[in-house]
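The lines below spell out each chain.
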Amino acid sequence: MTDHPTTLGDDFVWGVATSSFQIEGASSERGETIWDRFCSIPGKIADGTDGRIAADHVRRARDDIALMRELGINAYRFSIAWARVMPNGRGQVDESGLDFYDQLVDDLLDAGIEPYPTLYHWDLPQPLEEVGGWASRRIVDCFVDYAGAVAARLGDRVQFWTTLNEPFAIANHGYRTGEHAPGRTSVTDALAAAHHLLLAHGSAVPVIRAHSPGCEVGVVLRFTPVEQVDDDPAAEAMANLIDGQENRWFVEPLAGFGYPSDTVRSEGWDQVEVRDGDLEIIARPIDFLGVNYSTRQYVDADGNRVSTGRPITDTGWEIAPDGLYEVLHWLDDAFSFRKLLVTANGAAMPDEPDADGWVDDQDRVDYLRSHIEQVQRAVANQIPVAGYFAWSLLDNFEWAHGYAKRFGLVRVDPTSHDRTPKASFHFYRRVIDANGPCTS
Ligand code: BGC
């Protein structure tokens with residue numbers, strides 16, 4: 001139980017988050033993405049699955065909005081598939097692809113739910129990968145054109161825009177470790193990709209504003225606090241390096257401080273991609289910073305993640321709710337963003353459906369409750385956290401894990417795709433209804 005008073009205002013944003021590739025399906029109605037290609041390579045996805053049907057959301061969007069209504073959320077964070085809007089990534093716009101999002105926005109607004117679209121959540125059109133992907137500077141103009149096409153169509157109704165979801169994961173997992181699409185393993189490409197992602201973000205901000213008068217624009221980063229596992233100075237140095245790579249690399253330039261010099265040195269980055277004026281573009285003012293938080297990590301002198309024996313989720317992540325407070329406090333203290341939103345927080349759990357598909361996921365309930373308490377704590381301490389989005393509405397395609405790791409508040413039957421709200425759905429509904437006190 002929390003001892004933090006409920007101080008969430010009436011305008012507190014309660015939402016759920018999803019992403020296009022992870023839920024939409026209907027892949028034949030859009031262009032090929034790097035994730036379609038990656039899924040076709042044997043061994044890349046743990047259970048050998050792909051995103052062709054996913055949670056079948058394109059077909060069931062109205063049913064899903066009905067579920068959101070039942071849940072009582074006032075905001076829905078989703079992403080737009082670039083390849084549904086521009087099948088080749090540039091040039092011709094597919095108006096029928098935009099129609100889907102146009103209708104989604106209208107239906108959400110009719111349901112009293114504020115749309116929070118993200119323009120890029122990892123599903124790059126494959127033709128852009130073929131001309132260099134995020135490692136090539138030419139992608140910046142492509143992203144700006146795409147952002148402009150979407151904002152021109154939806155900007156009269158969408159008030160809250162996010163450019164990118166987790167540039168760290170895009171650059172690191174996609175270009176350095178290769179565990180995500182496009183599966184490259186080049187430090188040079190990863191560093192170039194990271195810079196072009198930030199540049200694409202900053203370049204798109206004024207274009208979005210021009211099409212969407214009075215809107216708010218932000219970007220979403222993932223933060224994972226890093227601790228050294230013991231007193232070994234080498235472990236301390238490693239923890240600092242990983243903190244620089246994962247947590248400081250993106251937020252510091254966005255906040256106008258440039259890239260963290262200690263990490264730039266450790267990486268041996270010559271910054272050849274950084275041209276005059278780039279850092280100013282990257283630091284263009286934003287209206288909110290989105291914070292994705294799942295866990296904290298302990299590392300040894302070799303940079304390996306070390307288990308502490310504390311409780312973990314089904315993806316092996318330590319359950320560390322106080323890390324969320326720590327991140328929010330640090331961000332406010334160090335950078336003073338006008339507004340913070342917790343844009344994704346959730347857990348994979350080993351859900352066991354009964355014969356009716358009912359999942360009594362008290363472990364996920366505990367996870368959500370303990371993290372929402374930390375949001376309350378942050379608000380009580382005057383940290384400007386304006387909203388919380390649970391990850392995720394539906395069981396979905398969890399990237400390299402395929403469908404084996406489930407994060408949904410709603411179970412999606414793997415065969416029929418029928419939806420069944422879990423215990424955590426009902427719990428979150430009570431939280432929203434009471435605007436915070438998460439006691440039952
Ligand atoms: C990412 C999602 C991912 C989830 C769980 C979120 O923060 O944006 O794409 O599925 O974390 O790993």
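Asks: Account for the packing of helix α3 (residues 57–71) against helix α15 (residues 423–433), naming residues and giving values.
Replies: Contact geometry of α3 with α15 gives a least axis separation of 8 Å together with a crossing angle of 55°. Taken together, the axes of α3 and α15 lie oblique to each other. Touching L67, E70 and L71 of α3 are F425, Y428, R429 and I432, all from α15.

Asks: Break down the packing of aromatic side chains for me, with residues and values.
Replies: Per the counting criterion, the structure on display carries 32 aromatic pairs. Each ring, one from W82 and one from W134, has its centre 6.3 Å from the other, and the planes form 65°; the classification is edge-to-face. Taken together, the residues span a long stretch of sequence, with W82 in helix α4 (residues 82–85) and W134 in the loop between α6 (126–129) and α7 (139–154) at a distance of 52 residues. When sorted by exposure, W82 lands in the same class as W134, which is buried. Ring geometry for Y116 versus F160: centroids 4.6 Å apart, planes at 5°, classification stacked.

Asks: Account for a negative patch on the surface, naming residues and giving values.
Replies: Where like charges cluster on the molecular surface, the negative patch consists of D354, D356, D360 and D363. Along the chain, D360 falls in the loop between β9 (340–345) and α14 (362–380).

Asks: Describe the sheet that holds strand β1 (residues 13–17), with residues and values.
Replies: A barrel is described by the order of its strands in space; here eight strands give the closed sequence β1-β2-β3-β4-β5-β7-β9-β10, paired in parallel fashion. With strand direction ignored, the average angle separating the axes of adjacent strands in the sheet is 25°. Here strand β3 (residues 114–120) pairs with strand β4 (residues 160–165) via two bridges, running parallel. Of the residues in β4, the one forming a bridge with Y120 is L164. Sheet contacts for α14: β1, β9 and β10 (385–391); angle to β10, the most-contacted strand, approximately 170°.

Asks: Explain the packing of helix α5 (residues 95–110) against α7 to me, using residue names and the numbers behind them.
Replies: Put simply, α5 and α7 touch, their axes get as near as 10 Å, and they point 45° apart. Classified by the angle their axes make, α5 and α7 are oblique. Crossing of α5 over α7 shows right-handed handedness. Together, E95, L98, D99, Y101, D102 and V105 of α5 and A149, V150, R153 and L154 of α7 make up the contact between the two elements.

Asks: Any chance you could break down the site of the ligand for me, citing the residues and the numbers?
Replies: All residues in the neighbourhood of the ligand are listed as Q22, H121, N165, E166, R222, N292, W317, A344, W391, E398, W399 and F407. In this structure, Q22 approaches the ligand through a side-chain N or O atom, which is 2.8 Å from an oxygen atom. Between the ligand and the protein, one listed contact pairs an oxygen atom with a side-chain N or O atom of N292 at 3.3 Å. Residues belonging to the shell around the ligand are distributed by class as follows: five nonpolar, four polar and three charged.

Asks: Give me the nonpolar core: which residues, what numbers.
Replies: Counting 124 residues, the largest nonpolar core has W35, W82, W134, L289 and Y428 as the members making the most contacts within it. Considering every element that reaches this core, the biggest residue donor is helix α9 (residues 187–211), with 11 residues. Look past the residues within four positions of W35 in its chain and what remains in contact with it is F21, I45, W122, D123, H180, A181, F397, W399 and A400. The next biggest cluster of nonpolar side chains, apart from the first, holds 13 residues, and it includes Y116, W317, A344 and W391.

Asks: I'd like a rundown of the pairing of β10, residues and numbers included.
Replies: The element β10 is extensively covered by neighbouring structure, given that six of its seven residues are classed as buried. Sheet topology places β1 next to β10; five bridges connect them, and they run parallel. The partner of V16 across the bridge, within β10, is A390. Note: β9 against β10, four bridges, orientation parallel. When the bridges of β10 are listed, N345 appears paired with A390. Of the crossover connections in this fold, the one passing from β9 over α14 to the parallel β10 is right-handed.

Analysis parameters
Residues numbered from 1 in each chain as written. Predicted model: local features only at pLDDT ≥ 70, side-chain atom pairs only at ≥ 80, totals over all residues. Heavy atoms only, no water. Axes fitted to C-alpha atoms, helices over the stretch in contact; angles between N-to-C directions. Helix = DSSP H or I, 4+ residues; strand = E, 2+ residues; numbered from the N terminus. Parallel < 35°, antiparallel > 145°, perpendicular 65-115°, else oblique. Contact = heavy atoms within 4.5 Å. Phe/Tyr/Trp six-rings, centres within 6.5 Å; stacked < 30°, edge-to-face > 60°. Buried < 20%, exposed > 50% of the residue type's maximum accessible area, 1.4 Å probe, protein only. Patch = residues over 30% accessible without salt bridge, like charges linked within 9 Å, V, L, I, M, F, W, Y side chains within 5 Å. Areas by Shrake-Rupley, 256 points an atom, 1.4 Å probe, with all protein chains shown as cover. Salt bridge = Lys/Arg side-chain N within 4 Å of Asp/Glu carboxyl O. Lys, Arg positive; Asp, Glu negative; His and termini not counted. Charge placed at Lys NZ, Arg CZ, Asp CG, Glu CD. Pairing = 2+ DSSP bridges. Left-handed = near helix turned anticlockwise from the far one by under 90°. Near = heavy atom within 4 Å. Polar contact = N/O pair within 3.5 Å; in protein donor to acceptor, adjacent residues only side chain to side chain. Nonpolar A, V, L, I, M, F, W, Y, C, P; charged D, E, K, R; others polar. Core = buried A, V, L, I, M, F, W, Y, C linked by side-chain atoms within 4.5 Å. Right-handed = clockwise from strand over helix to strand, strands pointing away.

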